[in-house]
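Residues per chain are reported as follows:
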Amino acid sequence: MPSLEQALAEIARRQEAGIAIQSALVERVEALTELVRQMLEWANKPPSSDLTDAINAMTDAMETLSKQMVELPERVAAEVRRQPR
């Protein structure tokens, strides 16, 4: 059987472990609370047109690239004809 001092030391060790676990849980709850707050803030904002603008810009870029790809063979042929033989 452990002595009184050993038993008290074990109780103190367990209390410290419990306190550390509770502290870690509190930190996680606070982090989750902040994330939920940020999500609610984001959800309450009016919809933005960022995605629409980005899609339109990407569509324009793809159209330009497509036109350039169609013109590329003729441009290469013209460049080859210009080169001295």
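Just above sits the structure.
Now for a quick tour of the structure. (Residues numbered from 1 in each chain as written. Predicted model: local features only at pLDDT ≥ 70, side-chain atom pairs only at ≥ 80, totals over all residues. Heavy atoms only, no water.)

With respect to the pattern of salt bridges
Piece 1. A complete count under the given rule lists six salt bridges for this structure.
Piece 2. Between Glu10 and Arg14 there is a salt bridge; the shortest N-O distance is 3.0 Å. You can see Glu10 and its partner Arg14 sitting in helix α1 (residues 4-43), four residues apart, about one turn around the helix.
Piece 3. Taking the relative accessible area as the measure of exposure, Glu10 reaches 29% and is therefore partly exposed.
Piece 4. In this structure Arg14 comes out as exposed when scored by relative accessible area, which is 57%.
Piece 5. Here Glu79 makes a salt bridge to Arg82, at a shortest N to O gap of 3.5 Å. One end of the pair, Glu79, and the other, Arg82, are both in helix α2 (residues 50-82), three residues apart, so they sit about a helical turn from each other.
Piece 6. The structure contains a network of salt bridges with shared partners spanning Glu10, Arg13 and Arg14. (Salt bridge = Lys/Arg side-chain N within 4 Å of Asp/Glu carboxyl O. Helix = DSSP H or I, 4+ residues; strand = E, 2+ residues; numbered from the N terminus. Buried < 20%, exposed > 50% of the residue type's maximum accessible area, 1.4 Å probe, protein only.)

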